[in-house]
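Structural characterization, general
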Amino acid sequence: MIRLLLADDHAIVRAGLRALLDGEDDIEVVGEAPTAEDAVAFCSTTAVDLVLMDLRFGPGKSGVDATRALKLLPEAPHVLVVTNYDTDADILSAVEAGASGYLLKDTPPTELLAAVRAASAGESVLSPAIASKLMTRVRKPETSLSPREIEVLRLVASGSSNRDIGKALFLSETTIKSHLVHIFGKLGVRSRTSAVARARELGAI
């Protein structure tokens, strides 16, 4: 029996997942968590084999934060991300935090059920769209932005100056300029505006 926790801040999403999963003989939904903090707290006191984890919960910790915390537990559950977000940064952050798989919420029910069974057994599971994105990244490593470069670029996109970005990331303005030079080179652009536009085209931010 796969003991499963649903972690999503939308009650209607949890209800839909529960309706699908409750009909399976080998799956038991043992709880629901509307926040990332609740997911970690639940798994700290209750045996769970797999957590279906959303990435964004509004204010508070993210699904990536929760995944990282869950993997530190003595009896760490497997984590399968089920979300609407598919940027390179989101995918890599989740995988680096320890997620066993990454699915989008439009995944067909049969594929979701197969993924739940595979992830609970410790197998890696990626939806076709996500797998394609990662393969593209592997094939073109020269255009891949590092997590830090993505952080910098997201702050640029929000209108922050180099000084503001430096303060936010606890880095010097010189370091921020260096990051921007590398970003421009990887993306083949010459300006901050073009870098943001190109990164968005690539799904990096």
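Use the structure listed above.
Residues numbered from 1 in each chain as written. Predicted model: local features only at pLDDT ≥ 70, side-chain atom pairs only at ≥ 80, totals over all residues. Heavy atoms only, no water.

**Here we look at the sheet that holds strand β5 (residues 101-104)**
- Pairing within the open sheet is parallel, and its 6 strands lie in the order β2-β1-β3-β4-β5-β6. The open sheet is flanked by β2 (27-33) and β6 (125-126), the only strands paired with a single partner.
- Pairing of strand β1 (residues 2-7) with β2, which is carried by 6 bridges, proceeds in the parallel orientation. Within β2, the position partnered with Leu-6 by the bridge is Glu-32.
- Contacts from helix α3 (residues 63-70) reach β3 (50-53) and β4 (78-83), with the element oriented near 165° to β3. (Pairing = 2+ DSSP bridges. Helix = DSSP H or I, 4+ residues; strand = E, 2+ residues; numbered from the N terminus. Contact = heavy atoms within 4.5 Å. Axes fitted to C-alpha atoms, helices over the stretch in contact; angles between N-to-C directions.)

**Quick notes on the packing of helix α7 (residues 147-157) against helix α9 (residues 173-187)**
- At a closest axis distance of 10 Å, the pairing of α7 and α9 adopts a crossing angle of 95°. Compared by their axis directions, α7 and α9 come out roughly perpendicular. Seen from α7, the contacting residues are Arg-148, Glu-149, Val-152, Leu-153 and Val-156; seen from α9, they are Ile-176, His-179, Leu-180, His-182, Ile-183, Lys-186 and Leu-187.
- Considered class by class, the residues forming the contact of α7 with α9 number 7 nonpolar, 2 polar and 3 charged. (Parallel < 35°, antiparallel > 145°, perpendicular 65-115°, else oblique. Nonpolar A, V, L, I, M, F, W, Y, C, P; charged D, E, K, R; others polar.)

**Let's talk about the nonpolar core**
- Residues Val-51, Met-53, Leu-70 and Tyr-102 are the most contacted members of the largest nonpolar core, which totals 25 residues.
- Within the residue set of this core, elements represented by two or more residues are β1, α2 (36-45), β3, α3, β4, α4 (88-97) and β5.
- When residues of this core are assigned to their parent elements, the largest contribution, 4 residues, is made by α2.
- Not counting residues within four places of it along the chain, the set of residues in contact with Val-51 comprises Leu-5, Ala-7, Cys-43, Leu-70, Pro-77, His-78, Val-79 and Leu-80. (Core = buried A, V, L, I, M, F, W, Y, C linked by side-chain atoms within 4.5 Å. Buried < 20%, exposed > 50% of the residue type's maximum accessible area, 1.4 Å probe, protein only.)

**A word on the packing of aromatic side chains**
- A complete count under the given rule lists 0 aromatic pairs for this structure.
- The side chain of Arg-56 reaches across the aromatic face of Tyr-85, ending 3.8 Å from its centre. (Phe/Tyr/Trp six-rings, centres within 6.5 Å; stacked < 30°, edge-to-face > 60°. Lys NZ or Arg CZ within 6 Å of the ring centre and 35° of its normal.)

**Concerning the environment of Ala-69**
- Mapped onto the fold, Ala-69 is located in helix α3.
- Classification of Ala-69 by relative accessible area gives partly exposed; the value is 28%.
- The spatial distance from the C-alpha of Ala-69 to the C-alpha of Lys-105 is 23 Å, given a sequence separation of 36 residues.

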